[in-house]
Amino acid sequence: MYLCSMSKVRVRFAPSPTGGLHLGGVRTVLYNYLFAKNNGGDFIVRIEDTDQTRYVPGAEQYIFDCLQWCGLEPDESPLHGGEYGPYRQSERKEKGIYQQYAEQLIKDGHAYYAFDTPEELEQMRTMYTTADNPSPQYDHHLRMKMKNSLTLTADEVNTLLTNGTKHAIRIKMPENEIIAFNDMIRGDIQNESGLVDDKVLLKADGMPTYHLAVVVDDYLMKITHAFRGEEWLPSAPVHVLLWKYLFGLDKMPQWAHLPLILGPSGKLSKRDGAKYGFPVFAMNWMDPKTNELTEGFKERGFLPEAFINLLALLGWNAGTEQELFTKEELIQQFSMERVHSGGAKFDFEKAKWFNHEWIKKLPVNHYSDKVKNIFENNGLAVEGNEKFESILSLVSDRCTLLPDFYTQAGFFFKDPETLDTESVKPKWNADKQHFFTEWITQLNSISSWDAVAIEQSFKELATAKNIKPGDLQMPLRVMLVGGKFGPPVFVIAATIGKAAAINRIQQALGIFSTF
RNA sequence: GCCGCGUUGGUCAAGGGGUUAAGACGCCUCCCUUUCACGGAGGAAUCACGGGUUCGAAUCCCGUACGUGGUACCA
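Just so it is clear, the structure is predicted and the values come from calculations on it, not from any experiment.

## Here we look at the packing of aromatic side chains
So, step 1. Applying the stated rule across the entire model yields 37 aromatic pairs.
So, step 2. Each ring, one from Phe297 and one from Phe307, has its centre 4.7 Å from the other, and the planes form 35°; the classification is tilted. In this pair, Phe297 sits in helix H10 (residues 297-300) while Phe307 sits in helix H11 (residues 304-312), placing the two residues 10 residues apart along the sequence.
So, step 3. Taking relative accessible area as the criterion, Phe297 reaches 0% and is therefore assigned buried.
So, step 4. With relative accessibility at 0%, the residue Phe307 sits in the buried group.
So, step 5. Judged by centre distance (5.5 Å) and plane angle (85°), the ring pair of Phe375 and Tyr406 falls under edge-to-face.

In structure tokens form, the structure reads like this:
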């Protein structure tokens, strides 16, 4: 329904490489991607690196790493190539792409040269700041009091220009115009042009600002639908105007301003990660300047399947009761009509539930390598896949995040480090002590070491000794596992093997005998 | 200050004039299980507030409040 023309759907994610990739950023990528794929279109990543003062080495590669982890591969990007390159705005600026459009706007009377220095701008702001107007704008009220090609004579301007005086190019916002456009999520939006300031289009260093670059590049790259965060809504009239002046409104992409993702107390910020104990970035991000590490969902133990699933549902739903979606299902069912306009508060508990569901849903071989890494990082070398995976599937119901596998299944590979003696102590007695010592000798001569046989011998001896098997099972569990958790205890005994089982019982007995 | 956007349970949310106001997470109770989980059955919102419009409003309109964003030669 948004395919008003014959042209192929093309969407873009345009991050500035200045740091970690935020939850909200990934969701913007996701909605772009889902919409594109749902319409058989292309997903483009364009790097908006026009602010050289904020350049952070490694941030660009990091963004692509995150996308790859999420399984949201671009069709075109600086890394993936494409016919509409270059895909970095810094490189596009080198080719002089933006300059010409800015000049054209001046020629047409829609923009002007501004020679004001940062100091002069600062001066203007302090001069006009009042209680009623805490942030004076460079707009139609003030532009005639500033130093620009509107206030200077043509000769003066020419001299300044030929002398190479640093200058910016600003848009000349009309005073009394209603600027309207249609947003796919919010419907008709109207703004008064006089309320918006004369945004800088081309900076003194020759770089375009976002406002110019987004319009020029969306046009040149034949973008059909432009999705971005809600924070862009106030400057949308500038972009609409630029489209009107430069390329024509009929060529303008369909806009969609996505709702915010909020943290537990308002806007979600990087610091919330540390503050509330959950990640906000897709992957670990190490700030190269401060060496500060911010945790990512990946490293926290999330599955990418769960991560995109939970993000998709933060602001969108299928209108059915389905909550678990594969990427393919999301592509198939996604539609902008069902995207919310209101912001959503991120709930880490629900996020964990999604992960839990995905751990249960996916065959263990989908993530056994990752779990193996976790085991190795904990100093537990794992050899052989088959047994490892069958053990993982024994405990997967009990794991919410990937590292849970280590706490839930570590005891299969090494003796418990501590025993929950407090659970055993109150009901421990000489009868039980004797039972286990005797059982050990029986175990030694058990014919086939499997759960059924072990359980049988256990129960027979218990009956013979006139002890309820149930009173014995919990101590046995603590002996083998270390605590009151895990799969059926005889399955554990069978899995860890005869020698280990008997050894653990013996060790524990030594401790229990001192009660 | 001004401007924009938003507001259904603690959270995600369905529902768009007549419903007992779905469902999920979390929480609580119970069942299953002589562990922990999984699974199953239950429990707890009158839709921010105030005015309209209407026979009838969570649903439409207007105000107010609150939240959030913008107000940079940052994106």
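## Things to note about the side chain of Asp198
So, step 1. Along the chain, the position of Asp198 falls in the loop between strand S6 (187-192) and strand S7 (200-202).
So, step 2. If near-sequence neighbours (up to four positions away) are discounted, Asp198 is found in contact with Tyr112, Tyr138, Asp139, Arg143, Arg170, Ile171, Lys172 and Met173.

## Quick notes on the packing of helix H18 (residues 430-444) against helix H20 (residues 469-481)
So, step 1. Here H18 crosses H20 at 65°, and the two axes come no closer than 11 Å. Between H18 and H20 lies a crossing of right-handed hand. Taking contact as the criterion, the partners of Lys432, Phe435, Phe436 and Trp439 in H18 are, on H20, Asp471, Leu472, Pro475, Leu476 and Met479.
So, step 2. Across the contact of H18 with H20, the residue classes break down as seven nonpolar, no polar and two charged.

## Here's the deal with the nonpolar core
So, step 1. With 62 residues, the main nonpolar core has Phe307, Trp316, Met336 and Phe346 as its most contacted residues.
So, step 2. Counting residues domain by domain, this core receives three or more from each of domain 1 (10-77 + 214-260) and domain 3 (266-363).
So, step 3. If we ignore the near neighbours within four places in the chain, the residues touching Phe346 are Leu23, Ile261, Leu262, Phe278, Phe297, Leu310, Leu314 and Ala351.
So, step 4. With 54 residues, the next largest nonpolar core counts Leu303, Tyr367, Phe375 and Ile492 among its residues.

## Some thoughts on the protein's contact with RNA strand B
So, step 1. Taken together, 62 residues lie near RNA strand B, and Arg186, Lys267, Glu323, Arg398 and Gly486 sit nearest.
So, step 2. Here RNA strand B approaches the protein such that, of its atoms within 4 Å, sugar and phosphate make up 68%.
So, step 3. Glu48 is positioned with one of its side-chain polar atoms (N or O) 3.4 Å from a sugar or linking oxygen of RNA strand B.
So, step 4. A distance of 2.9 Å separates a phosphate oxygen of RNA strand B from a polar backbone atom of Gly315.
So, step 5. For the surface near RNA strand B, the secondary structure elements donating two or more residues are helix H5 (118-128), strand S4 (168-171), strand S11 (266-267), strand S14 (344-345), helix H13 (348-361) and H20.
So, step 6. Split into classes, the residues belonging to the surface near RNA strand B amount to 21 nonpolar, 15 polar and 26 charged.

## What to know about the pattern of salt bridges
So, step 1. The tally for this structure, following the rule as stated, stands at 24 salt bridges.
So, step 2. Between Arg88 and Glu60 there is a salt bridge, with the nearest N and O atoms lying 2.8 Å from each other. Taken as a pair, Arg88 in the loop between helix H2 (59-70) and helix H3 (89-94) and Glu60 in helix H2 lie far apart in primary sequence, 28 residues in all.
So, step 3. Among the salt bridges present, the one from Glu91 reaches Arg88, with a minimum N-O distance of 2.6 Å.
So, step 4. One connected set of salt bridges, linked through shared partners, spans Arg12, Arg46, Glu48, Arg92, Asp217 and Asp218.

Parameters and conventions
- Residues numbered from 1 in each chain as written.
- Chains lettered and ligands numbered in written order.
- Predicted model: local features only at pLDDT ≥ 70, side-chain atom pairs only at ≥ 80, totals over all residues.
- Heavy atoms only, no water.
- Phe/Tyr/Trp six-rings, centres within 6.5 Å; stacked < 30°, edge-to-face > 60°.
- Helix = DSSP H or I, 4+ residues; strand = E, 2+ residues; numbered from the N terminus.
- Buried < 20%, exposed > 50% of the residue type's maximum accessible area, 1.4 Å probe, protein only.
- Contact = heavy atoms within 4.5 Å.
- Axes fitted to C-alpha atoms, helices over the stretch in contact; angles between N-to-C directions.
- Left-handed = near helix turned anticlockwise from the far one by under 90°.
- Nonpolar A, V, L, I, M, F, W, Y, C, P; charged D, E, K, R; others polar.
- Core = buried A, V, L, I, M, F, W, Y, C linked by side-chain atoms within 4.5 Å.
- Domains from an automatic or database assignment.
- Near = heavy atom within 4 Å.
- Polar contact = N/O pair within 3.5 Å; in protein donor to acceptor, adjacent residues only side chain to side chain.
- Salt bridge = Lys/Arg side-chain N within 4 Å of Asp/Glu carboxyl O.

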